[in-house]
Amino acid sequence: MNPLASATMTDPHVVLEASGLKKHFSVSGMLGFGTGSEIIRAVDGIDFQVMAGETLGIVGESGCGKTTVARLLLLLERPTAGKILFEGTNVVGASGSTIKEYRRAVQAVFQDPFSSLSPRMRVGNIIAEPIQVAGELSNHEVKKRVSEVMGQVGLDYNAHANLYPHEFSGGQRQRIAIARALSVRPRVLILDEPVSALDVSIRAQVMNLLFELQREFDLTYLMISHDLSGVEYLSNRVMVMYLGRLVELAKTEDVFLQPAHPYTEALLSAAPPPHPDIESREIILKGEVPSPINPPTGCHFHPRCPYVLPECSETHPELLALQPGHQVACLLYPDHGGTSAHREWNTKGSSPTSSGIS
Amino acid sequence: MTDAQTLEATASRAARLGRTRVPWFSLAFLVIVVVSAIFAPWIAPDDPELGRLRDRLIPPFWQEGGSMDHIFGTDLLGRDVFSRVVFGARISLAVGFLSVAIAGTVGSIIGMIAGYYKGWVDALLMRLTDMTLALPLILMAIVLVAILGSPSFSKVVLTIVILRWAFYARQVRGETLAVMEQPYIDLARISGASTRRILFRHVLPNVMPSLLVLATLNVALIILVEASLSFLGAGIPPPTPAWGLMVAEGRDLIKTSWWVSIIPGVAIFLTVLAVNLAGDWLRDRVDPRLRQI
Amino acid sequence: MKRFLFVRFLQAIVSLFMLVTVVFFLVRLTGDPALRMIPPQATQEVADNIRRVFGLDKPVGIQYLIFLREVVLDFHLGTSQFFMRPVTDLLSMRIWASLQLAVASMFVAFFIALPLGVYSAIRRGSRFDYIARAFSIAGGSLPSFLVGLLLIRFFAVELRWFPICCRSEPLSIVLPALTLGWFVSAAFMRLTRSSMLEVLDAEYVKLARIKGVNEGLVIWKHALKNALLPVVTYSTVVFAAIVGGAIVVETVFAWPGLGKLLVDAVLTRDFPMIQGTVILIGAIFIATNFMTDILYGFLNPKIRFAR
């Protein structure tokens, strides 16, 4: 668990917030005569907050919308609805100078180290680009900053700055990408599968680097991953997405030890157990992930849910707090319409019983 | 031979073909042509446009009646064929490079804009491109010449530019689209890079190599087109010694004074061939995927 | 498939329409057509008369609409100034010559290019392949007028096997067809070769080989059929191009086709003729493209069985 957890709680300052965020894509019909009747609800109404200094992990299967959330937060796509608040100011449709500020403060590291760096630019220039765009430092200062930040990720300016990306290994390229993101001294770093494309042996190195950098520069991370162990290692809180919706949001240890939402439970159970002797009780969900074009009614998860209730197909469960700091969107829980008898959820910190699963 | 051995043999042979097949003769020949074009006034023994009627139709030096005064003989007006060929190199190369340079620049800009903005801008520009590309070159060149009035050097260049920009636009657009898909473009945006910056710092450098190769291959085609136009009388006007024009002028003399037509014709052939070979080699070195063009 | 065809058809119509429009305005761009027809010493009255007769005193927009009506409804493309006859007359005379030449040239091209292409693909990397490819590049580098002139020099003048020019005897077509066909075959050969190579490389061919089918049969039956597909579709495009675009060859051999008609019209500044010829050639082009689309749609199962 991230030892910064305690730090966050003493300074609950919201750096980034998504409010009612939606992104719908319309799929055009044949030959461009867009009948547009088909809409992909990639992100279907999401609210969450990111606290200063923490790492918020976002997990879910492919197609759940987590990458779209990242793209929205990075202003690479315009939301269909909703707000994105940075330090309280909405950046959606904001003025040029607001956006410029935002871009200074929020940077990203993407999954593929091979296509994250412009192949025909020298590494030094790649890293310098954000600073140059911001335009506040002189050439000499830029060079100094680049050299500094390269050192911080474990690279050497003199040896490396004049080389091209293809002359580096995958792990090194990811470091370059991180250096570039850090060059403007951002406050928030959005990491989309930062180590998934790296060799397993390198992953730990880069994860540790990220960890160190967060501590040193008081960074806030938003980390998207399908690698649960990585998420567990680095995150303070975790949010789980399914088909464009948030189903659970809580502190890391709460999510991993006592998942409240049936989907979270299934997701976690599919991960290999830490020791071969521990029996894996994998919950196999029936059916496949439905397409985001025609999601099931009510609770999106209801067709596959082992605990499904009749009302699940009609009502869309809202994200409500089960207890402070732990939110769930599921009708099984009190305040959602269900009674605690429907599902035994142990608040005492032991793993949930899986009664009722046939 | 076992499969493994065959595979290895093929691979090494391919490697050898790819690497050592530098077209020395083509490149050497091109150097000669370029040098002739640049230093024409010093290389050519006579004025290409002035002829002495009493010296007309002298055969080349290796034939009976020829002399070393006029290596390639003289034409109907007594002009020295060799001098004309040397000066003609200027025209062909100038038209070739100038048209390609201008069309390439214009086409690239349009292609980049189409690929960058996508949507209706792209659709519109691509329609325009397709239409322009569908037009048969020589045909349209003639028509354009008709419209623009009596032919001249600049009009030939203009015609070619109007007809060819689309070729580059399409290629550049495709490459731009591919580049735009890449995460590093997103990352540039995230850093706040402006459209201009993205286009010139990221898209252009990645598009350049194949563009250059394409341009080189095109020069050959353009030289042929210019020659054909001049031959038809719709290109460079006389008395300028354009190669195509020279072939046309000597056409009726083909039976007896064959050198008036054939020698400039051969000049065209060799130059175009050299450019083609050099261009092919360049293309193979830069990006073999362009092979289908 | 139906929807595909419909859309393509619409596009063809739109293209035709745009072609006519563009041609009309381009020609007007070069100046008032009336000025060309009015002799310099004519009085103002005569000039006005001429204008009225040819409908040139009306505003441009009206002229355009009249023109459209004439073209679409009456198929009337104006009167040639040079020949003093309706343009359509001349076009219909010449078009057969062009078609004849185009067909003959395609034959020649296929005859040369296909076997060369197929064989060099089969014997890839061999000396034959190398020579064939050199041949193709050389062929593409030779200006067509040079080839034409050389052929005339040797076969018509020296050997007297064929006439020097024009469309006077049955044998007249040989040399022009050879010239044009040669020019076209370079590109064809390359296309055939690469298409063949791709097919030979395909999995199912390897599979057939493994199954032990006779090698010759494998090549001829499976590979060839598929390899020829892109060649066939490409050839329709080429055909359209050479019907209108065989200008140089027609000039060299004084072959009375559309191309030569156009060149002559340009040189004599006979604008109605230019207009009419361009429209006809453009229309042939568009029509052929449309048919190529149909052909391609038919052969490509993805489109054929689409919604």
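All figures in this text were calculated on a predicted structure; none of them were measured in a lab.

(A) Summary view of the overall build of chain C. From N to C terminus, chain C includes 14 helices and 0 strands. By residue count, 37% of the 307 residues in chain C fall in the buried class. Considering only contacts within chain C whose residues lie at least 6 apart along the sequence, 70% involve residues at least 24 apart.

(B) Just the overall build of chain B, in detail. Helix and strand counts for chain B stand at 11 helices and 0 strands. Helices and strands in chain B line up, N terminus first, as α-α-α-α-α-α-α-α-α-α-α. Seen through its C-alpha atoms, chain B measures out along the principal axes to roughly 75 × 60 × 30 Å. Here chain B holds 293 residues, and the buried ones make up 49% of them.

(C) Spatial organisation of the sheet that holds strand S11 (residues 320-323) of chain A. All names here are of chain A. Read from one edge of the open sheet, 8 strands run S6-S7-S8-S3-S9-S10-S12-S11, paired in mixed fashion. If you trace the sheet from one side to the other, it starts and ends with strand S6 (106-109) and S11, each paired once. Pairwise comparison of adjacent strand axes, ignoring direction, gives a mean angle of 25° for this sheet. Pairing geometry for strand S10 (residues 245-251) and strand S12 (residues 326-328), over 3 bridges, is antiparallel. Bridge pairing in S12 links Leu249 to Gln327.

(D) A look at the environment of Ile110 of chain B. All names here are of chain B. The residue Ile110 is located in helix H4 (residues 81-117) in this model. Between the C-alpha atom of Ile110 and that of Pro237, which follows or precedes it by 127 residues, the distance is 32 Å. If we skip the residues at most four places from it in the chain, Ile110 touches Leu125, Trp165 and Ala169.

(E) Structural view of the pairing of strand S7 (residues 188-192) of chain A. All names here are of chain A. With 5 of 5 residues buried, S7 is to be regarded as a mostly interior element. The side-chain alternation of S7 yields two buried faces, one formed by Val188, Ile190 and Asp192 and the other by Leu189 and Leu191. Looking at chain direction, S6 and S7 are connected through 4 bridges and run parallel. Paired with Val109 across the strands is Leu191, a residue of S7. As paired strands, S7 and strand S8 (residues 220-224) are joined by 5 bridges and run parallel to one another. By the bridge assignment for S8, Ile190 is matched with Leu222.

(F) Molecular detail of the interface of chain B and chain C. Taken together, the contact between chain B and chain C spans 31 residues of the former and 30 residues of the latter. Those elements that provide at least two residues to the side of chain B that touches chain C are helix H6 (137-148), helix H9 (195-232) and helix H11 (259-286) of chain B. For the side of chain B that touches chain C, the element with the highest residue contribution is H11 of chain B, accounting for 8 residues.

(G) Focus on unusual backbone geometry. All names here are of chain A. We note that Glu87 has phi near 50°; this positive angle belongs to a residue other than glycine. Mapping Glu87 onto the fold places it in the loop between strand S4 (81-86) and strand S5 (89-90). For Glu87, a count of 15 C-beta atoms within 10 Å corresponds to the partly exposed category. One non-glycine residue, Asp218, lies in the positive phi region at around 55°. Inspection of the secondary structure puts Asp218 in the loop between helix H8 (200-217) and S8.

(H) Focus on the nonpolar core. Ile190 of chain A together with Ala141 and Ile142 of chain B are the most contacted members of the largest nonpolar core, which has 241 residues in total. It is H9 of chain B that contributes the most residues to this core, 17 residues altogether. Mapped onto the domain boundaries, this core takes at least three residues apiece from domain 1 (11-235) and domain 2 (263-346) of chain A. The contact partners of Ile190 of chain A, leaving out residues within four places of it in the chain, are Ala70, Leu73, Leu74, Val106, Ala108 and Leu222 of chain A. Counting 6 residues, the second-largest nonpolar core is a separate cluster that includes Val118, Ala121, Met196 and Ala227 of chain C.

(I) Region of the structure containing the packing of helix H7 (residues 170-182) of chain A against H8 of chain A. Residues and elements named next belong to chain A. Contact geometry for H7 and H8: axes closest at 10 Å, N-to-C directions at 15°. As summarised for this structure, H7 and H8 are arranged roughly parallel, according to the angle between their axes. When the axes of H7 and H8 are compared, the crossing they make is right-handed. Residues Gly170, Gly171, Gln174, Arg175 and Leu182 of H7 lie in contact with H8, whose contacting residues are Ile202, Gln205, Val206, Leu209 and Leu213.

(J) Representation of helix H4 (residues 123-134) of chain A within the structure. Residues Val123, Ile126, Ile127, Ala128, Glu129, Pro130, Ile131 and Gln132 of chain A constitute the buried set of H4 of chain A. Looking at the buried side of H4 of chain A, the elements it contacts are helix H5 (139-152), helix H6 (157-160) and H7 of chain A together with helix H8 (183-190) of chain B. Backbone geometry just downstream of H4 of chain A places Gly135 of chain A in the positive-phi region, at approximately 70°.

(K) Summary view of the confidence of the model for chain B. Residue and element names in this part refer to chain B. When the pLDDT values of chain B are averaged, the result is 80; 90% of them are 70 or greater. The secondary-structure element of chain B with the lowest mean pLDDT is helix H1 (residues 3-20), recorded at 46, while H8 shows the highest, at 90. Note on residues 1-20: pLDDT is under 50 here. Beyond four places in sequence and across chains, it has 2 contacts.

(L) A look at the pairing of strand S3 (residues 55-59) of chain A. Residue and element names in this part refer to chain A. Within S3, 5 of the 5 residues are buried, leaving the element largely enclosed by the surrounding structure. Burial along S3 is two-sided: the residues Thr55, Gly57 and Val59 and Leu56 and Ile58 are all buried. Summarising the sheet, S3 and S8 pair through 4 bridges and their orientation is parallel. From the neighbouring strand, Leu56 faces S8, where its bridge partner is Leu222. As defined by bridge partners, S3 adjoins strand S9 (residues 237-242) across 4 bridges and the pair is classed as parallel. From the neighbouring strand, Ile58 faces S9, where its bridge partner is Met239.

(M) Structural detail: the environment of Gly149 of chain B. Turning to its location among the elements, Gly149 of chain B is positioned in the loop between H6 and helix H7 (153-180). For the pair Gly149 of chain B and Ala234 of chain B, spaced 85 residues apart in sequence, the C-alpha to C-alpha distance is 9.9 Å.

(N) Representation of the packing of helix H5 (residues 87-122) of chain C against helix H12 (residues 258-268) of chain C. All names here are of chain C. Where H5 meets H12, the axes come as close as 8 Å, and the angle between the chain directions of the two elements is 130°. It follows from the interaxial angle that H5 and H12 lie oblique. In contact with Leu90, Arg94, Ile95 and Ser98 of H5, H12 contributes Leu258, Gly259 and Leu261. Partitioned by chemical class, the residues of the contact of H5 with H12 number 4 nonpolar, 2 polar and 1 charged.

(O) Expanded view of the sheet that holds S5 of chain A. Residue and element names in this part refer to chain A. In space, the 4 strands of this open sheet follow the order S2-S1-S4-S5, with antiparallel pairing throughout. On the outer flanks of this sheet lie strand S2 (38-51) and S5, each paired with one strand and no other. Here 2 bridges tie S4 to S5, and the two strands are oriented antiparallel to one another. Residue pairing for S5: Phe86 is matched across the bridge by Thr89.

(P) Representation of the confidence of the model for chain C within the structure. All names here are of chain C. When pLDDT is averaged along chain C, the result is 76, and 81% of the positions lie at 70 or above. Mean pLDDT in chain C bottoms out at helix H2 (residues 33-37), which sits at 62, and peaks at helix H11 (residues 247-253), which reaches 85. Prediction confidence for the complex, expressed as pTM and ipTM, is 0.75 and 0.79 respectively.

(Q) View of the environment of Leu128 of chain B. Considering the arrangement of structural elements, one finds Leu128 of chain B in helix H5 (residues 119-134). The sequence separation of Leu128 of chain B and Trp259 of chain B amounts to 131 residues, and the corresponding C-alpha distance is 44 Å.

(R) Structural detail: H8 of chain A. For H8 of chain A, which comprises 18 residues, the first-to-last C-alpha distance of 26 Å matches the rise-based estimate of 26 Å (1.5 Å per residue) to within 8%. Trailing H8 of chain A by a residue or two, Asp218 of chain A shows a phi angle of about 55°, which is positive.

Basis of the calculations
Residues numbered from 1 in each chain as written. Chains lettered and ligands numbered in written order. Predicted model: local features only at pLDDT ≥ 70, side-chain atom pairs only at ≥ 80, totals over all residues. Helix = DSSP H or I, 4+ residues; strand = E, 2+ residues; numbered from the N terminus. Buried ≥ 20, exposed ≤ 12 C-beta atoms within 10 Å, placed from the backbone. Contact = placed C-beta atoms within 7 Å. Pairing = 2+ DSSP bridges. Axes fitted to C-alpha atoms, helices over the stretch in contact; angles between N-to-C directions. Core = buried A, V, L, I, M, F, W, Y, C linked by C-beta atoms within 7 Å. Domains from an automatic or database assignment. Parallel < 35°, antiparallel > 145°, perpendicular 65-115°, else oblique. Left-handed = near helix turned anticlockwise from the far one by under 90°. pLDDT = per-residue confidence, 0-100. Nonpolar A, V, L, I, M, F, W, Y, C, P; charged D, E, K, R; others polar. Expected span 1.5 Å × (residues − 1).

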